[in-house]
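Fold and contact review
Residues per chain, in single letters:
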Amino acid sequence: MPGQNEKIGILNRLRRIEGQVRGVAQMLEQDRYCIDILHQIQAVKAALGKVEDQVLANHAASCVNEAIASGDPLAQREKFAELVDLFGKVKR
């Protein structure tokens, strides 16, 4: 779980992304040039990628680290399996 400051940062970033997505919808409604719309979509994807990286880093620093520190092999396998599953879905 991220710390309070990290959580606020992630939520702020998601709110900006929400605004970007609304902007893309407006561009479509206004029949804006397709390349301009595609550029904005790429910007949204990049911003989401940064959020994903932050959440993953927080997961590794907290949840995975706690499982390792606990010395509990079952907890360690569960956290590892979660990551393998997550990265397996990305490849599909």
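Before going into details, it helps to say that this report is about the structure given with it.

Analysis parameters
- Residues numbered from 1 in each chain as written.
- Predicted model: local features only at pLDDT ≥ 70, side-chain atom pairs only at ≥ 80, totals over all residues.
- Heavy atoms only, no water.
- Helix = DSSP H or I, 4+ residues; strand = E, 2+ residues; numbered from the N terminus.
- Rg over C-alpha atoms; globule rule 2.2 N^0.38 Å.
- Buried < 20%, exposed > 50% of the residue type's maximum accessible area, 1.4 Å probe, protein only.
- Axes fitted to C-alpha atoms, helices over the stretch in contact; angles between N-to-C directions.
- Parallel < 35°, antiparallel > 145°, perpendicular 65-115°, else oblique.
- Contact = heavy atoms within 4.5 Å.
- Nonpolar A, V, L, I, M, F, W, Y, C, P; charged D, E, K, R; others polar.

This part covers the overall build of the protein. Secondary structure assignment for the protein yields three helices and zero strands. Going from the N terminus to the C terminus, the protein shows its helices and strands as α-α-α. A globule of 92 residues ought to have a C-alpha radius of gyration of about 12 Å, yet the protein, at 18 Å, is considerably larger. Burial status across the protein gives 15% buried among its 92 residues.

With that out of the way, let us pick up the environment of Gly23. Within the fold, Gly23 resides in helix H1 (residues 4-29). Among the residues examined, Gly23 registers a relative accessible area of 23% and is labelled partly exposed.

Running from N to C, helix H2 (residues 34-70) and helix H3 (residues 73-91) cross one another at 150°; their axes reach a closest spacing of 7 Å. Taken together, H2 and H3 sit at an angle that is classed as roughly antiparallel. Residue-level contacts link Leu56, His59, Cys63, Val64, Ala67, Ile68 and Ser70 of H2 to Ala75, Gln76, Lys79, Glu82, Leu83, Leu86 and Phe87 of H3. For the contact of H2 with H3, a count of residues per class yields nine nonpolar, three polar and two charged.

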